[in-house]
Amino acid sequence: QVQLVESGGGSVQPGGSQRLSCAASGSIFNVYLMGWYRQAPGKQRELVARVFNDGRIEYADSVKGRFTISRDNAKNTVYLQMNSLKPEDTGVYLCNVKSRDGRLDSWGQGTQVTVSS
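Cut-off values and rules
- Residues numbered from 1 in each chain as written.
- Predicted model: local features only at pLDDT ≥ 70, side-chain atom pairs only at ≥ 80, totals over all residues.
- Heavy atoms only, no water.
- Helix = DSSP H or I, 4+ residues; strand = E, 2+ residues; numbered from the N terminus.
- Rg over C-alpha atoms; globule rule 2.2 N^0.38 Å.
- Contact = heavy atoms within 4.5 Å.
- Areas by Shrake-Rupley, 256 points an atom, 1.4 Å probe, with all protein chains shown as cover.
- Lys, Arg positive; Asp, Glu negative; His and termini not counted.
- Charge placed at Lys NZ, Arg CZ, Asp CG, Glu CD.
- Phe/Tyr/Trp six-rings, centres within 6.5 Å; stacked < 30°, edge-to-face > 60°.
- Buried < 20%, exposed > 50% of the residue type's maximum accessible area, 1.4 Å probe, protein only.
- Lys NZ or Arg CZ within 6 Å of the ring centre and 35° of its normal.
- Core = buried A, V, L, I, M, F, W, Y, C linked by side-chain atoms within 4.5 Å.
- Pairing = 2+ DSSP bridges.

**Q** Is there a simple way to explain the overall build of the chain in this structure?
**A** A tally of helices and strands in the chain yields 0 helices and 11 strands. Listing each helix as α and each strand as β along the chain from the N terminus yields β-β-β-β-β-β-β-β-β-β-β. Compactness check: the chain gives a C-alpha radius of gyration of 14 Å against a globular reference of 13 Å for 117 residues, within 12% of the reference. Considering only C-alpha atoms, the chain reaches an extent of 40 × 25 × 25 Å along its principal axes. Long-range pairs, those at least 24 residues apart, make up 53% of the contacts in the chain with a sequence separation of at least 6. When the accessible surface of the chain is totalled, it reaches about 6200 Å², and 46% of it is carbon and sulfur. For the chain, the centre of its 14 positive side-chain charges and the centre of its 10 negative side-chain charges are spaced 1 Å apart.

See below:
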């Protein structure tokens with residue numbers, strides 16, 4: 001299994017920035033992709049961004065141009081830089097790692113991001 005420890009998050013005003021980090025440990029040799037999801041109250045969990053081992057990156061349309069995902073393989077850490085934050089970005093952000101065959105699917109504990117004036 002893979003253990004994930006997230007950091008970052010908190011409260012920020014609209015237009016502000018935040019950076020989330022997620023450090024992975026354990027059976028990381030199986031990791032094929034690392035990503036971030038978010039869940040707002042009363043809404044389904046949604047993909048925010050993810051990065052694959054081959055460097056391919058995917059973003060949700062709602063965050064394109066504002067969020068940047070990056071991965072430091074030496075530190076087994078994935079980052080999410082969030083700029084121009086909007087109130088609708090509010091939610092619990094969860095780190096996720098998966099293996100190519102789907103047998104590995106680990107989640108972090110989540111970190112709250114609140115965008116409000």
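**Q** In this structure, what is going on with the packing of aromatic side chains? I would like to understand it.
**A** Inspection of every chain in the model, using the stated rule, returns 2 aromatic pairs. Aromatic side chains Y32 and F52 sit 5.5 Å apart centroid to centroid with 70° between the ring planes, which places their arrangement in the edge-to-face category. Of the two residues, Y32 sits in the loop between β3 (18–26) and β4 (33–39) while F52 sits in strand β5 (residues 46–52), which places them 20 residues apart along the sequence. As far as the burial class goes, Y32 and F52 line up, both buried. Above the plane of the ring of W107 lies R45, whose end atom (NZ or CZ) is 4.5 Å from the centre. Taking NZ or CZ as reference, R56 lies 3.8 Å from the ring centre of F52, over its face.

**Q** Whenever I open this one, the nonpolar core confuses me. Can you help?
**A** A general feature of soluble globular proteins is that nonpolar side chains tend to end up buried together. Judged by nonpolar contacts, the single largest core of 26 residues is most densely connected at W36, V48, F67, V78, L80, M82 and Y93. Mapped onto this core, the elements with two or more residues apiece are β1 (2–7), β3, β4, β5, β7 (67–72), β8 (77–82), β9 (91–98) and β11 (111–115). Residues contacting V48, with those up to four places away along its chain left out, are W36, Y37, R38, E58, Y59, A60, V63, F67, L80 and Y93.

**Q** What's the story with the pairing of β1 in this structure? I'm lost.
**A** Regular strands have side chains that alternate between both faces of the sheet. Only one face of β1 is covered, namely the face carrying V2, L4 and E6; the face carrying Q3, V5 and S7 is uncovered. The pairing of β1 with β3 spans 6 bridges and is classified as antiparallel. Opposite Q3, over in β3, you have S25 as the bridge partner.

**Q** Is there a simple way to think about the pairing of β3 in this case?
**A** Sheet topology places β3 next to β8; 6 bridges connect them, and they run antiparallel. Along β8, the bridge assignment pairs A23 with T77.

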